[in-house]
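What follows is each chain in one-letter form.
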Amino acid sequence: MRTAVILAAAFTLAAPALATAQTFPTDDSVIQRMWQVGIESSRTQQLAHHLMDYIGPRLAGSPNLAAAQDWLLGLYAEWGIPVRKEQYGTWNGWREGITHVDMISPWVRTLEAKQLAWSPPSGGPVEGEVLPLFALAMEADTSEWLPMVEGKWVMWMYPEPMCRAKQELEAGARPETVAKLDSLRQESQSAFWGWLRTVGGRGIFDRIEEEGALGIIGSRWPGGWGVFTPFSSFTDSIPSVDLSCEDYGLLYRLAESGKAPRIRVETESEDLGVVPQFNVIAEIRGTELPDEYVLLGAHLDSWHGGTGATDNGTGSIVMLEAMRILKETYPSPRRTIIVGHWGAEEMGLIGSASFREDHPEVMEGMQAAFNQDNGTWRIIELEGQGFADAENHIPQWMAAVPTEISEHVEVLTPGEQLNTGSDHTSFICADVPSFRLRSPYPEYRQYTWHTNRDTYDKIVFDDLAENATLVAMLAYMASEDPVRFGRERAELPVSERTGEPREWLKCFPPRREAR
């Protein structure tokens, strides 16, 4: 009982603070009702708690992603919204277990670590010295250092000269100190990537495995306090782990100075073989124009460093909550409203691109698609993505949105089509009007994008409730728009590289099979 009381109190404290009297730009009763359901009765906290805290990270091919998809199926069915899973291909299945990394000499410290996705397990605790490969590789040929990896934990990346956030360093340090550290970092990066190219890129890991290394240790630092970004393993038979910037630097300095640090590593994981992969698709069928569509989208998959909260648990919750709002306030839309919870965005926009290829009828009948990916803070920009007709539709849709929301959203038409790395581009390339709902980027890139700190506690629920309500209102306005959205391309800005207008995005076949 005590736990339930504490949790309820936490949700109460986190409840949106926007449930105040609102002046609406129109007397549209649907818009007014959407505000009541989306802002005053938001369910974003409870939904996010289940997805991030209970289900957790949702790596492509993992049981967690499958669990999240099954949860969505149950929710939509409970809300009376038709829903289905659509298989688009397969991927390598992998179940993550524990990761323990401890320095046991010259003193004892538990290190902050994460095994890389699809890494083999260690097979129990494995002790050994670390080898600072980058330092050796700068001084010796491959034939000289390669035999030295046997029986060692190989630190293959360069160490950061400092793990302090750049903006705080610039605020407090001498300019010459900042310049010196920037120079050191640039020199290390240039030397590292140059070396990696000369040894054949990822192929060097096969040789390191063959020589009998115990495992691979790396560290990818995005520039913020306490964060690192573990991605995919490069190894087939030995474990791969990433350490925090601070702990990687500690081991590296000790090893480079001859202090011979020893570590104990234990990782558990399970190769699940090739497993099917799905999108979750729900829809509210249109009553007047059922073969024309408004598409809401967000990718459900995530990397595994944190719990995939802002990339893209929040986008997923926004679209889920928007569909709940629509079902309660606009259950008989003029056009069909679809939501796609995409799979394998992180592997190359696979789920959304597969939907494009599998549903030409939806592409042909598309009125507008809205995608939300980086879910940190409120939506601040809606860009026309280079469609000439954007200026005739998007401002009118936004005109119905309450000022509390719309005053923070910059509408750019026809738009410059600047971002090319998220699911909205899977449709733009096919001349389908598809729009990105952008939130601020700097802190997101530095602290939560694919990192170990991308967790529930970073979510701003006032903003999440507002974003979901905005999406529902845009879907409603696009559905009711009496005019079909045109597909004529506007001229894109001039490329600094070529001096000519940039080319329109091109479609590529999605990779539907496991590696």
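Here the structure is a predicted model, which is why all the values come from computation and not from measurement.

Rules used throughout
Residues numbered from 1 in each chain as written. Predicted model: local features only at pLDDT ≥ 70, side-chain atom pairs only at ≥ 80, totals over all residues. Heavy atoms only, no water. Helix = DSSP H or I, 4+ residues; strand = E, 2+ residues; numbered from the N terminus. Buried < 20%, exposed > 50% of the residue type's maximum accessible area, 1.4 Å probe, protein only. Contact = heavy atoms within 4.5 Å. Areas by Shrake-Rupley, 256 points an atom, 1.4 Å probe, with all protein chains shown as cover. Right-handed = clockwise from strand over helix to strand, strands pointing away. Pairing = 2+ DSSP bridges. Disulfide = S-S within 2.5 Å. Salt bridge = Lys/Arg side-chain N within 4 Å of Asp/Glu carboxyl O. 1 Å grid on protein atoms, 1.4 Å probe; cavity = no way out; pocket = protein on both sides within 12 Å on 5 of 7 lines; lining within 4 Å. Points joined across faces, edges and corners; volume = space filled by probe spheres on them. Nonpolar A, V, L, I, M, F, W, Y, C, P; charged D, E, K, R; others polar. Phe/Tyr/Trp six-rings, centres within 6.5 Å; stacked < 30°, edge-to-face > 60°. Lys NZ or Arg CZ within 6 Å of the ring centre and 35° of its normal.

Draft legend 1. How the structure looks around the overall build of the chain. The number of helices and strands found in the chain is 18 helices and 14 strands. Its C-alpha atoms give the chain principal-axis dimensions of about 75 × 65 × 50 Å. The 515 residues of the chain split such that 57% are buried. The long-range share in the chain, meaning contacts at least 24 apart out of those at least 6 apart in sequence, stands at 84%. Just so you have it, the chain exposes about 21,200 Å², and 51% of that area is on carbon and sulfur atoms.

Draft legend 2. Representation of the environment of P333. With respect to the helices and strands, the residue P333 is situated in the loop between helix 11 (309-329) and strand 10 (335-342). When the C-alpha atoms of P333 and E345 are compared, they prove to be 29 Å apart, with 12 residues separating the residues in sequence. With near-sequence residues (within four places) excluded, P333 lies in contact with I284, R285, G286, T287, E288 and S479.

Draft legend 3. A look at the pairing of strand 9 (residues 289-299). Most of strand 9 is tucked away: eight of the 11 residues are buried. Following the backbone out of strand 9, through helix 11 and into the adjacent parallel strand 10, one traces a crossover that is right-handed. Pairing of strand 9 with strand 11 (residues 366-371), which is carried by five bridges, proceeds in the parallel orientation. The residue bridging L296 from the neighbouring strand is F370, located in strand 11.

Draft legend 4. Inspection of the state of the cysteines at higher detail. Inspection of the entire model under this criterion finds two disulfides. The disulfide partner of C163 is C245, and the gap between their sulfur atoms is 2.1 Å. Measuring handedness by torsion sign, the sulfur bridge of C163 and C245 sits at about -80° and is left-handed. In this pair, C163 sits in the loop between strand 5 (153-155) and helix 7 (166-172) while C245 sits in helix 10 (residues 245-256), placing the two residues 82 residues apart along the sequence. You'll find C163 and C245 in the same group, each marked buried. Along the chain, the cysteines engaged in disulfide bonds are linked according to the scheme 1-2, 3-4 when indexed in sequence order.

Draft legend 5. Here's a closer look at the pattern of salt bridges. Overall, the coordinates contain 27 salt bridges when judged by the stated rule. A salt bridge links E86 to R84; the nearest nitrogen and oxygen atoms lie 2.7 Å apart. Relative accessible area serves as the criterion here: at 30%, R84 is assigned to the partly exposed category. Ionic pairing is found between E292 and R484, a salt bridge with its closest N-O pair at 3.9 Å. Note that E292 is positioned in strand 9 and R484 in the segment after helix 18 (461-480), a separation of 192 residues in sequence. Given a relative accessible area of 17%, E292 falls into the buried group. Taking relative accessible area as the criterion, R484 reaches 33% and is therefore assigned partly exposed. Through salt bridges with shared partners, a single ionic network connects R84, E86, E283, R285 and D291.

Draft legend 6. How the structure looks around the layout of surface pockets. A volume near 360 Å³ is recorded for the largest pocket. Lining the largest pocket are 17 residues, and of these P159, E160, P161, S188 and E256 lie nearest its centre. Mapped by element, the contributors of at least two residues to the lining of the largest pocket are helix 5 (133-137), helix 8 (175-198) and helix 10. Here the lining of the largest pocket is built from residues that sort into 10 nonpolar, two polar and five charged. Looking at the second largest pocket, its volume works out to about 300 Å³. Together, 20 residues line the second largest pocket, and N92, W118, T235, D236 and R515 are the ones closest to its centre. Elements supplying a minimum of two residues to the lining of the second largest pocket: strand 1 (83-105) and strand 8 (262-284). Top contributing element to the lining of the second largest pocket by residue count: strand 8, with five residues. Here the lining of the second largest pocket is built from residues that sort into seven nonpolar, seven polar and six charged.

Draft legend 7. Quick look at helix 12 (residues 350-358). Most of helix 12 sits inside the fold, with seven of its nine residues counted as buried. By the burial criterion, the buried members of helix 12 are I350, G351, S352, A353, S354, F355 and R356.

Draft legend 8. Local environment of the packing of aromatic side chains. If you walk through the whole model with that rule in mind, you get 27 aromatic pairs. Residues W118 and W303 carry aromatic rings whose centres are separated by 6.3 Å and whose planes lie at 80° to one another, so their mutual orientation is edge-to-face. Note that W118 is positioned in the loop between strand 3 (113-115) and strand 4 (126-132) and W303 in the loop between strand 9 and helix 11, a separation of 185 residues in sequence. The ring centre of F278 lies 4.3 Å from the NZ or CZ of K85, which sits over that ring. Over the aromatic face of W449 sits the side chain of R445, whose NZ or CZ is 4.5 Å from the ring centroid.

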